[in-house]
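Observations on the model geometry
These are the residues of each chain, in order.
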Amino acid sequence: MKRNRNLIILCVGLLAGLIAPLATGASDPGFYIEVLLGGLMAGVLYSLVALGFVLIFKASGVFNFAQGAMVLFAALSVARMAEVMPLWLATLLAVGIMVVFAFIVERLVLRPLVNQDPVVLLMATLGVTYFLNGFGQTVWGSDIYEINLGIAKEPVMILQSVFQGGILINKDDVAAAIAAVVLVALLALFFQKTKTGRALRAVADDHLAAQSIGIPLNRIWVIVWSVAGVVALVAGVIWGAKLGVQFSVSQVALKALPVVILGGFTSIPGAILGGLIIGVGEKMAEVFLAPIAVKAFDLAGGGIENWFAYVLALLFLLVLPEGLFGEKHIDRV
Amino acid sequence: MGAGANGGKSIGGVVLGLEGISLAFGGVRALQNVSFDVREHEIRAIIGPNGAGKSSMLNVINGVYHPQEGTVTFNGVKRRDVNTHEAAAQGIARTFQNIALFKGMSVLDNIMTGRNLRMKSGLLAQAIRIGPAEREELQHREAVEQIIDFLEIQAYRRTPVGRLPYGLQKRVDLARALAMEPKLLLLDEPMAGMNVEEKQDMCRFILDVNDQFGTTIVLIEHDMGVVMDISDRVIVLDYGKKIGDGTPDEVRGNQAVIDAYLGVSH
């Protein structure tokens with residue numbers, strides 16, 4: 001019951017924060033919606049990276065630190081291969097590369113370390129992170145590369161008749177959001193409706209019991225790391241198309257951490273909602289809260305975007321440690 | 001013919017044969033040259049003091065451990081180092097001493113996982129629930145419902161297993177194993193930690209499974225009363241060696257067995 005109370009308080013607080021700028025008249029509606037959309041777009045990307053974390057955590061109890069490195073590596077592969085072949089072929093090949101990567105991780109990391117402490121596996125994925133970042137640079141180079149999706153980058157003005165000055169949106173942002181929605185829908189179907197999905201959930205709960213009812217553990221791990229690899233690829237391509245493929249892409253993984261804390265480590269809807277909350281929250285805080293703080297405390301201002309997510313995550317850890325949708329028995333984190 | 005509770009049943013040929021099984025973990029010799037067989041339709045108990053190698057024996061049968069020496073013959077096929085999931089595919093199901101259920105799932109979903117091996121529809125068909133896949137899911141659901149009725153856990157279908165009391169969790173563990181429709185069912189201390197009533201229920205279920213489904217059962221149990229009541233034949237292990245094998249009556253009179261349990265002055 002205490003959990004429910006905390007949940008309600010948090011939700012009310014978040015909603016209040018969301019509508020405050022509009023309600024207090026601090027912003028005109030058109031601009032407000034632009035900020036909101038910008039936040040949602042960033043949130044979609046956080047969600048995608050967080051999704052990779054959740055997938056692997058659910059199926060193997062491993063907190064995969066390498067998810068960010070996988071995003072970078074996949075994006076690098078697409079960007080460099082697209083220089084010599086059509087984008088669709090490069091993407092397809094990159095999917096193949098991520099599947100091969102999943103095989104290798106299963107064979108060389110997960111299988112030898114089966115039944116070890118979660119901490120051991122976390123350390124192993126840390127190793128994978130450094131390897132993959134370095135290996136990516138060795139193979140693909142360390143410059144900033146472009147991914148050109150062939151979608152015009154200049155923003156379009158919509159709803160000029162409704163709001164004064166209209167709303168500016170980017171076409172590529174919209175495409176990214178659609179791609180993310182489709183991906184998430186496919187994953188939801190896969191997990192909830194197929195026997196492989198059920199097997200994945202079984203493996204997440206108890207390795208030995210899952211094996212004893214005929215679920216091949218190793219194959220499940222390859223599947224789930226492959227899926228996480230494909231999710232990383234989509235995130236990497238979207239991110240790379242927007243900002244260029246460079247090392248900093250792998251740092252987005254650090255933003256996914258607060259997202260999974262918010263949403264719950266084991267929940268796919270949680271990862272999505274958590275990503276959106278953080279994406280919107282940090283944009284709102286940056287645009288509307290920063291000026292107030294600057295005025296009130298005579299600060300230099302700015303930078304809220306960088307720490308907002310972590311403070312929010314901390315708040316959740318204090319009052320709702322299992323996140324919005326997480327299972328209550330978190331014993332592994 | 002055993003002196004078991006259903007002495008009238010017909011016991012068939014050998015389903016599972018173990019020949020000269022030796023298993024060591026480094027210097028610890030868990031099993032030393034153990035041989036025995038299990039016949040179709042019988043209830044075969046493995047007993048012995050703590051650390052005698054009972055669980056190791058079960059783990060060898062379903063492929064968790066691979067013995068250094070010896071052969072396992074299941075269904076007439078001599079097998080070498082199968083994995084646990086392969087053993088499951090061959091028709092060996094088991095329950096666990098320390099319950100190993102999928103705690104985050106409901107009772108129903110837990111039991112449904114037992115049907116996983118039997119589901120044939122493709123990924124895509126299942127995801128979008130088209131004709132045959134839908135029918136298949138329903139068909140498996142029906143089989144699972146029968147098991148739920150059989151084990152009298154109708155009231156808990158939707159309950160997450162983590163919330164059930166211990167005795168019921170044990171029952172769900174058994175239900176999941178039964179959902180696989182196994183040829184051979186391994187039960188690792190199915191009655192450990194239960195009160196008298198729960199034990200009686202579990203005994204009844206085990207006998208009914210054996211009787212109605214004709215499932216061959218190998219079980220480990222510490223409660224001698226239970227073992228002597230329900231099993232057809234009993235193997236006694238002590239320090240990894242087989243020291244007795246026969247009907248409950250034969251085993252009860254075996255001096256080596258009495259010594260192992262009561263201790264002797266050397």
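Residue numbers here run from 1 along each chain, matching the order of that chain's written sequence. Whichever chain is written first is A, and whichever ligand is written first is 1; the rest continue in order. Given that the model is predicted, a residue must reach a pLDDT of at least 70 before its local features are reported, and side-chain atom pairs must reach 80 or more before they are shown or counted; all residues, however, enter totals for whole chains, interfaces and linings.

**Some details on the sheet that holds strand 10 (residues 241–246) of chain B**
Residues and elements named next belong to chain B. Here a strand pair is declared whenever DSSP counts at least two bridges between the two strands. Counting from the N terminus, the helices are the DSSP runs of H or I reaching at least four residues and the strands are the DSSP runs of E reaching at least two. Read from one edge to the other, the open sheet built from six strands follows the order 6-7-8-3-9-10, with strand pairing classed as mixed. Here the strands that pair on one side only, and so sit at the sheet edges, are strand 6 (92–95) and strand 10. For this sheet the average axis-to-axis angle between neighbouring strands, irrespective of direction, equals 15°. Direction of pairing for strand 7 (residues 184–188) relative to strand 8 (residues 216–220): parallel, over a ladder of five bridges. For Leu 186, the partnering residue across the bridge sits in strand 8 and is Val 218. Contact between two residues is assigned whenever their backbone-derived C-beta positions fall within 7 Å. Here an angle of 0 to 180 degrees is reported between the N-to-C directions of two axes, which are lines fitted to C-alpha atoms, with helices fitted over the stretch in contact. Relative to the sheet, helix 10 (residues 255–262) contacts strand 9 (233–238) and strand 10, its axis offset from that of strand 10 by approximately 125°.

**Concerning the confidence of the model for chain B**
Residues and elements named next belong to chain B. Summary of the metric used: pLDDT quantifies the predictor's per-residue confidence within the range 0 to 100. Per-chain confidence: chain B averages 85 in pLDDT, with 91% of residues scoring 70 or above. Confidence, read as mean pLDDT per element, is least for helix 4 (residues 123–128) in chain B (60) and greatest for strand 8 (94). Contacts of residues 1–6 to residues separated by more than four positions or lying in other chains number 19 contacts, the stretch itself having pLDDT below 50. Quick note on the complex model: pTM equals 0.76, ipTM equals 0.74.

**Examining the pairing of strand 9 of chain B**
Residues and elements named next belong to chain B. Counting buried residues in strand 9 gives five out of six residues, a clear majority hidden from the surface. Relative to strand 9, strand 3 (residues 43–47) runs parallel, the two being bridged by four bridges. If you follow Arg 44 over to strand 9, its bridge partner there is Arg 233. Relative to strand 10, strand 9 runs antiparallel, the two being bridged by five bridges. Looking across to strand 10, one finds that Val 234 is bridged to Gly 246. Three exposure classes are used. Buried residues have 20 or more other C-beta atoms within 10 Å of their own C-beta, exposed residues have 12 or fewer, and partly exposed residues fall in between, all C-beta atoms being placed from the backbone.

**Focus on helix 7 (residues 196–213) of chain B**
Residues and elements named next belong to chain B. By this rule the span expected of a helix is its residue count minus one, scaled by 1.5 Å. Helix length check: helix 7, at 18 residues, gives a terminal C-alpha distance of 25 Å against a target of 26 Å (1.5 Å per residue), a fit within 8%. Among all positions in helix 7, only Met 202, Ile 206, Val 209 and Asn 210 are buried. Projected down its long axis, helix 7 carries its buried residues within an arc of 90°, all on one side. When the buried face of helix 7 is taken as reference, the exposed residues oriented beyond 90 degrees from it are Val 196, Glu 197, Arg 204 and Gln 212. For helix 7, the elements touching its buried residues are strand 3, helix 6 (166–179), strand 7, strand 8 and helix 8 (224–230). Read the arc as the range of directions from the helix axis to the C-beta atoms.

**A word on the sheet that holds strand 2 (residues 28–39) of chain B**
Each strand in a sheet pairs with its neighbour through backbone hydrogen bonds, running either in the same direction (parallel) or in the opposite one (antiparallel). All names here are of chain B. Taken in spatial order, the four strands line up as 2-1-4-5 in an open sheet, and their pairing is antiparallel. Each edge of the open sheet carries a strand with a single partner, namely strand 2 and strand 5 (77–79). Taking each pair of neighbouring strands and ignoring which way they run, the sheet shows an average axis angle of 20°. Note: strand 1 (residues 14–25) against strand 4 (residues 69–74), five bridges, orientation antiparallel. Along strand 4, the bridge assignment pairs Gly 17 with Thr 73.

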